[in-house]
Amino acid sequence: MKIIMAAAECAPFAKAGGLADVMGALPKELSRLGHELNVIVPKYSLISEEYISEFALKESLEFDFKGQQMSFRVLEYNHAGVKFLFVENDDYFKRDQIYGQVDDSERYAFFNRAVLEIVRRQEKPADLLHVHDWHTAMVPFLLKEDQRYTSISSIKTVLTIHNLQFQGKFSRGVFLENFEMDARYYDDGSVEWNGNFNSLKTGISYVDKVTTVSPTYRDEILTDFYGEKLNSLLQEKEQDLIGILNGIDTEVYNPATDLAIEREFDAMSIEGKQVNKRAIQSRVGLPERGDVPLLTMISRLSGQKGIDVLQEVLPTLLAEQEIQFVLLGSGEEQYEQFFKKLAIDFPNKVYVHVGFDEAFAHLLYAGADIFLMPSHFEPCGLSQLISMRYGTVPVANKTGGLKDTVIEYDEHLKAGNGFLSDFLQNKAFSLALERCLAFYQQPEHWEVIKKNGMKGDYSWSRSAIEYAKLYDRII
Ligand code: ADP
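Parameters and conventions
- Residues numbered from 1 in each chain as written.
- Predicted model: local features only at pLDDT ≥ 70, side-chain atom pairs only at ≥ 80, totals over all residues.
- Helix = DSSP H or I, 4+ residues; strand = E, 2+ residues; numbered from the N terminus.
- Rg over C-alpha atoms; globule rule 2.2 N^0.38 Å.
- Buried ≥ 20, exposed ≤ 12 C-beta atoms within 10 Å, placed from the backbone.
- Contact = placed C-beta atoms within 7 Å.
- Axes fitted to C-alpha atoms, helices over the stretch in contact; angles between N-to-C directions.
- Parallel < 35°, antiparallel > 145°, perpendicular 65-115°, else oblique.
- Left-handed = near helix turned anticlockwise from the far one by under 90°.
- Nonpolar A, V, L, I, M, F, W, Y, C, P; charged D, E, K, R; others polar.
- UniProt positions renumbered as here; feature names shortened; annotations may be inferred.
- Domains from an automatic or database assignment.

A few words now on the overall build of the protein. A tally of regular secondary structure across the protein gives 19 helices and 18 strands. Its C-alpha atoms give the protein a radius of gyration of 23 Å, within 12% of the compact-globule value 23 Å for 475 residues. Along the longest, intermediate and shortest principal axes, the C-alpha atoms of the protein span 65 × 45 × 40 Å. For the protein, buried positions account for 48% of its 475 residues. Sequence-distant contacts, at least 24 apart, represent 69% of the contacts inside the protein between residues at least 6 apart.

What follows is the structure, encoded as structure tokens:
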């Protein structure tokens, strides 16, 4: 099959979170299964020169956008059997950040059109277009409703929801201005939801199949609590809504070959973790002690991630117990401030790095003992998978993909890979953390928990086969 994917981020080129990891790994795995994969991504200026210098100019294209002729260049980069096509337009993508720009609606409207323009002009027609999250969710609508794309309108489509919270909601005027489609599409509810133009809703309505990134999240988003006001629509599409668990790129995240860490290790040489732990402590200026549990969190700092739970739990825990905590993350100001203050209050126990740092993240996964993930909701979550691959034990709330991948340790059976709390009560998270810390003191259990995590199969192979089967069914 010839599959074209389009998304706003893709590792290792431009990454804000898990979406990029998926785009960096799933196409590769599908290509291994024998399919032809094209991945279309914006060419952000933040992509490192190391990659940009390898990009080859493929073509320059033009199309009508917002009443004028707009042009963009398509740059090609072939890697691991996948053809990456970068959409270059400096007006929209020469920015310091991927998201959070005032004109995001316009930037991604442009990108949706650019994707279709590329697809329309390809010699070999695609069998299926797979789009991801709101940024590319208008593609299926445009494909069906805009005369410009009649020649490709029979191509089947899939939309993956990586996070239902982000829907790309804008006003009626924004829809009319950016897409230049008839107002009736807004007025008859085709692109409208609860009084707004809603990109994700439009995608859900128009695609052949909707997938999301774990079986539990798939069920959760049908409910009022997790449904982000789209659950009634999702219920209508229930038969076409499928949960497929994400994997991680086990080549990028491999403690045995990872060049970003201090000492490579695997389950047989797990003592190598200690060298990485010391490397973290020495780098961030915490006491270099192997016996004190080192807790970490690597995350976008948003409400979803349960920082409020840590605000309840961490100050007391740090005051009462011998633990160390290192945070790597960025996001909402209030949470950044909380962690910065924590580092001031507990200078010998806490280190906080506000920012995005891929290499430091790898070292933390490798050297920490415990990974904290008190998310209120978590579509899949990759951090807990990466942690377990590096022998770092997750303490997580029992929701979404966390529920599907973290298994509470059972000391009698010596089975399980982490600790879970019922997410609605902060107390429950501190209890899960206390259970975890108690086992940390018992090496006969702790070694087993770490190794159970490391033994898990977090690769994409199984899930990629599920996607391939799904494509096959649709086509
Ligand atoms: P989400 O997609 O909701 O942000 P996931 O757990 O699915 O959460 O994926 C997060 C990914 O982003 C992981 O690969 C994690 O290591 C990475 N990440 C998050 N914050 C940072 C950061 N500040 N620096 C480096 N990597 C980060």
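We are not done yet, so read on.
Turning our attention to the packing of helix α11 (residues 272-284) against helix α14 (residues 358-367). Interhelical geometry of α11 versus α14 gives an angle of 130° and a closest axis separation of 7 Å. Relative to α14, the element α11 lies oblique. Here the hand of the crossing between α11 and α14 comes out left-handed. Contacts from Lys-273, Asn-276, Lys-277, Ala-279 and Ile-280 in α11 reach Leu-363, Leu-364, Ala-366 and Gly-367 in α14.

A few words now on the environment of Glu-117. Mapped onto the fold, Glu-117 is located in helix α4 (residues 104-121). Residues Glu-117 and Phe-63, 54 residues apart in the sequence, show an inter-C-alpha distance of 7.6 Å. What Glu-117 contacts, discounting residues up to four positions off in sequence, is Leu-61 and Phe-63.

In this section: the environment of Glu-466. Mapped onto the elements of the fold, Glu-466 is located in helix α19 (residues 461-474). Residue Glu-466 is classed as partly exposed on the basis of its C-beta count, with 14 C-beta atoms lying within 10 Å. Considering only alpha carbons, one finds Glu-466 and Arg-278, 188 residues apart in sequence, at a separation of 41 Å.

Okay, the packing of helix α1 (residues 18-32) against α19 next. Across the interface, α1 lies against α19 with an axial gap of 9 Å and an inter-helix angle of 75°. Regarding the angle of α1 to α19, the classification is roughly perpendicular. Residues Leu-26, Glu-29 and Leu-30 of α1 touch α19, and the partners they reach there are Ser-461, Ala-464, Tyr-467 and Ala-468. By residue class, the composition of the contact of α1 with α19 is five nonpolar, one polar and one charged.

UniProt annotation of "domain: Starch synthase catalytic" (unreviewed entry) refers to residues 2-236 when read in the numbering used here. Helix makes up 34% of residues 2-236 and strand 27%, and the two end C-alpha atoms of the span are 29 Å apart.

So, on to the domain arrangement of the protein. With domains assigned, the protein is organised as domain 1 (2-247 + 460-474) and domain 2 (267-455). The distance between the C-alpha centroids of domain 1 and domain 2 comes to 32 Å. Taken residue by residue, the interface counts 16 residues in domain 1 and 10 residues in domain 2. Looking at the side of domain 1 that touches domain 2, the elements with two or more residues in it are α1 and α9 (215-220). At four residues, α9 tops the list of elements feeding residues into the side of domain 1 that touches domain 2.

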